[in-house]
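# Remarks on the overall topology
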Amino acid sequence: MLIKPSLIAGSERRFKQAEFSPDALNRKLGDGPIEMSVEKMRLRQRQLLAETHDMQAAEKGLERIIQGNDLDSINYLAKGTAAARSVCRIQLRDLKSNLLGYGSGFLIGPGLLLTNHHVFGKPADAANSIADFNYELDISGQERLPVRFGFEPGRFFYTNDRLDFSVVAVAQTSLSGHEHVDDWGWLPLSGAPGKADPGEYLTIIQHPSGQMKQVCVRENKLLKYAGDFLWYNTDTTAGSSGSPAFNRFWQVVALHHSGVPRKDGQGRTLTKDGKVWKPSMDESSIDWIANEGIRVSAIVADLKVAVGSHPLIKPVLDEEEPPIRQESAKVRAPEAVPAFGANFWVEQSVDGTSLVVPVRVPLPIFRKEIPFAPLAPVPSPAGGDGGTANGSIHNGGKPLIAPPAGLLPHISPRNGLPMEAVHIDQSTLKSRPGYKANFLGTGKFSVPLPKIPAALKPRIAMLKGSSRQFELRYFNYSVVMNKQRRLAFFSCVNIDGAKQQDVGKREGDSWLRDPRIDDDAQIGDEFYRKQATFEADRTRNPFDRGHLVRRLDATWGDTVAAAKQHGDDSFHFTNCSPQFFSFNQGKQLWAGLEDYTRDVLLEGEEKGIVMNGPVFDGPDADGSDLPNPNGRPHKDPSFGGVQIPKYFWKIMIRRDEDGLKAAAFLMSQRKQVMEIDRIREADLLERMSEEDVSVFQVSIADLTKLTKLDFGNLADADSHEATSVGPRRIESYEDIRI
């Protein structure tokens, strides 16, 4: 794979920020016992138990990890062979089917493949490319017959250039029409962080330089985590772009993408033979001194936020296991090789041009015998199917897979796919129980709603027919509205980890105004509705409906039906705020904060509380990310007649034997929205997309100054261990202190 110098430069910049020497850290880590805290040991044991479903095996595995013991059960090799099945070579081809290069990729769910953004940067890059499965040697050293699949980016395509990954749909059947993509299984992705520890060895399965599938077994020692990336050294060939990196239990830990090369005195990148590397050379020729991978937990977090509502991504986020492959030897008559013009084809590479003539030898092969219900045809946005199995299309200037028309830059539920309806019965709004202050306990464990100061009380939206009632009670949460801004002062939700129910992912949005307050006290479809018409061109309105109380947090109850009813109740405009449609890393962290807390509550079947809301007219940060809590108010910018908050806040609360434990966070999107009312429409998306939001853990005392709200006893429960030092920037979940 040809790799861009800019990609290497990005890795070098992060390497410099990580401040470590690979050789020195490698020597320090050694091959002996790995230091692990008690909390970390418990986490790894839980992960191993979930993987093995065997307490004895989990304990033995943990002991081997800690002691650096390489001894494993013999089925380690069989598991590795099974994992390798889902890894493929990617032939990068242009619209005329000319070969541009190679990469690696692997299936992560039914018909979905993960690779690097620098392999597939846009849907058109995948439209005519080919996935080669089975491109490897068999047990006797003979070449297997590759099975080729096309890609269908019109059905699904998502990319993140900062994290350098792309997910694309693979055709359901092979180009020959005889194989189904699910025959190759997939590698489930776990969003849990910490699936490997510094000092452990990783295994990479890859197609270096487009060669047959190879494995680098335990030669890649994990050195360091750095935010959403990890670093590992290697004594052999570095992984090729898009390769999966596994821990010793064959869980995917990272997506390999780049590294730091060795350089000469003039700063020029060197090859393994000491020559000066050129961008026209393949990445495998570089003398890498450290390799960088994207953490799978960061990839999963991004997918949850950006495309979590898409039905094709649901099995990935649910960590759905691939079907068990029941092997039975069968002999199949020789198949015609997928036509690339005839029964032979020309492959062009940086080294020259080759005429490929396949030799077909009938051999026993394995096929699984499981029932499969084929998916219904899914139309592309332009009405086509986004690509077909093209075994009958000949080369000669025509695409092997027709490039899909009208591709959307971001996947949305409006692609003709089935959607799950949201049902809200507003006739019973008066009986909603709302947020419960004594949810965690009485006395010192009670957490009342924040108090609004006297100066701001005239801005509170009162219930119709009342001059004193203002709390909008819903199932499991409550909201208090600012009628002047038409947004919530705050929303507060009770979360019961013991009563969480799996009601499936919602696939459609159906938002309602709350009839208990005046219509002009809440923002509705008059602001958001444009996005339905301009989904592909968001310059008219780059803001989506963003939940304050998330559906998942409210989705609990005694039954599945009750839990769904409670979750659906979150689709009121009073629980909504304008949210920039293109999610970036900062917002992934912001959404991930509640995922982090919710996972803890679910695991221990505990109870918790989340409060959140906007900061209205917060102080300007004067060019930085974080406002001075003591600064003067600065008016929020406007878009479409709506003032867009520069900052949002969140408090997460739980209890232990000693009392309440609380943590406060602030998200700054100042760089994205400042001067939004002055930016030309044509430049709007580019300007906003260039900026990233920032997330900080702050003290509740500072949050009180910013919001002017009274959080009662929560300041005494603040877990921000050094509030006098100031806020802490959150760059990964490891930075959170709860």
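Residues numbered from 1 in each chain as written. Predicted model: local features only at pLDDT ≥ 70, side-chain atom pairs only at ≥ 80, totals over all residues. Heavy atoms only, no water.

### Considering the overall build of the chain
Scanning the chain from N- to C-terminus turns up 16 helices and 29 strands. When the 738 residues of the chain are sorted by exposure, 54% land in the buried category. Taking the contacts inside the chain whose residues are at least 6 apart along the sequence as the reference set, 72% of them involve residues at least 24 apart. Looking at the chain as shown, the accessible area adds up to about 32400 Å², and 51% of this sits on carbon and sulfur atoms. (Helix = DSSP H or I, 4+ residues; strand = E, 2+ residues; numbered from the N terminus. Buried < 20%, exposed > 50% of the residue type's maximum accessible area, 1.4 Å probe, protein only. Contact = heavy atoms within 4.5 Å. Areas by Shrake-Rupley, 256 points an atom, 1.4 Å probe, with all protein chains shown as cover.)

### Overview of the packing of aromatic side chains
Scanning the model with the defined rule gives 11 aromatic pairs in all. A ring pair is formed by phenylalanine 133 and phenylalanine 149, whose centres lie 5.7 Å apart and whose planes are at 90°; its orientation type is edge-to-face. Of this pair, phenylalanine 133 sits in strand 4 (residues 130–133) while phenylalanine 149 sits in strand 5 (residues 147–150), and the two are 16 residues apart along the sequence. Ring centres of tryptophan 649 and phenylalanine 711 lie 5.3 Å apart, and the angle between their planes is 70°; this geometry places the pair in the edge-to-face category. With tryptophan 649 in strand 26 (residues 647–655) and phenylalanine 711 in the loop between helix 16 (700–707) and strand 29 (728–729), this residue pair connects regions lying 62 residues apart in the sequence. The exposure class of phenylalanine 711 is buried, given its relative accessible area of 5%. (Phe/Tyr/Trp six-rings, centres within 6.5 Å; stacked < 30°, edge-to-face > 60°.)

### Focus: the pairing of strand 5
Burial of the side chains of strand 5 extends over both faces: Val147 and Phe149 are buried on one face and Arg148 and Gly150 on the other. With four bridges connecting them, strand 4 and strand 5 associate as antiparallel partners. Within strand 5, the position partnered with aspartate 132 by the bridge is arginine 148. (Pairing = 2+ DSSP bridges.)

### Some thoughts on the nonpolar core
With 51 residues, the main nonpolar core has Met611, Trp649, Ile651, Ile653 and Leu714 as its most contacted residues. Among the elements of the structure, strand 20 (487–496), helix 9 (525–528), strand 23 (607–615), strand 26, strand 27 (660–668), strand 28 (694–698) and helix 16 are those that each provide at least two residues to this core. Grouped together as the second largest cluster of nonpolar side chains are 33 residues, Tyr158, Ile205, Ile299 and Leu303 included. (Core = buried A, V, L, I, M, F, W, Y, C linked by side-chain atoms within 4.5 Å.)

### Observations regarding the pattern of salt bridges
Applying the stated criterion to the full structure yields 21 salt bridges. Here lysine 564 and aspartate 568 are joined by a salt bridge, their closest N and O atoms 2.6 Å apart. With lysine 564 and aspartate 568 both in helix 12 (residues 560–568), this residue pair falls four residues apart, about one helical turn. Among the charged side chains, a network of salt bridges with common partners joins Arg485, Asp617, Asp636 and Lys646. (Salt bridge = Lys/Arg side-chain N within 4 Å of Asp/Glu carboxyl O.)

### Digging into the environment of phenylalanine 165
Along the polypeptide, phenylalanine 165 turns up in strand 7 (residues 165–169). For the pair formed by phenylalanine 165 and isoleucine 299, sequence separation is 134 residues and the distance between their alpha carbons is 7.8 Å. Apart from residues no more than four positions distant in its own chain, phenylalanine 165 is found in contact with Leu114, Thr115, Asn116, His117, Tyr158, Thr159, Asn160, Leu255, Ile299, Asp302 and Leu303.

### Some details on the sheet that holds strand 23
As summarised here, the arrangement of the eight strands in space is 18-19-20-23-26-27-28-29, forming an open sheet in which the pairing is antiparallel. Of all strands in the sheet, those bounded by a partner on one side alone are strand 18 (472–473) and strand 29. Pairing of strand 18 with strand 19 (residues 477–482) involves two bridges; the strand directions are antiparallel. Following the sheet pairing, arginine 473 is matched in strand 19 by serine 478.

### Some words on the side chain of arginine 516
Inspection of the secondary structure puts arginine 516 in the loop between strand 20 and helix 9. Polar side-chain contacts of arginine 516 include one of 2.8 Å to the side chain of aspartate 514. In this structure, arginine 516 is in contact with Leu429, Met462, Leu463, Lys464, Leu472, Arg473 and Tyr474, ignoring residues within four places of it in sequence. (Polar contact = N/O pair within 3.5 Å; in protein donor to acceptor, adjacent residues only side chain to side chain.)

### A short note on the sheet that holds strand 7
What holds strands together in a sheet is hydrogen bonding between their backbones, with the strands either parallel or antiparallel. Reading across the sheet, the seven strands line up as 5-4-1-2-3-7-6 and stay open at both edges, with antiparallel pairing between neighbours. At either end of the open sheet lies a strand with only one pairing partner, and these are strand 5 and strand 6 (157–160). Between one strand axis and the next, the sheet turns by 30° as a mean value, whatever way the strands run. Along the sheet, helix 7 (residues 296–307) contacts strand 3 (112–115), strand 6 and strand 7; its crossing angle with strand 6, the most-contacted strand, is approximately 125°. (Axes fitted to C-alpha atoms, helices over the stretch in contact; angles between N-to-C directions.)

### Regarding helix 12
Helical geometry note: an α-helix holds 3.6 residues per turn, so side chains three or four residues apart project in the same direction. Among the residues of helix 12, Ala562, Ala563, His566, Gly567 and Asp568 are the ones counted as buried. Where helix 12 is buried, its residues touch helix 11 (551–554).

### Notes on the pairing of strand 10 (residues 229–232)
The two faces of strand 10 match: Phe229 and Trp231 on one face and Leu230 and Tyr232 on the other face are all buried. Pairing analysis gives four bridges linking strand 10 to strand 13 (residues 288–295), with the strands arranged antiparallel. Looking across to strand 13, one finds that leucine 230 is bridged to glycine 293.

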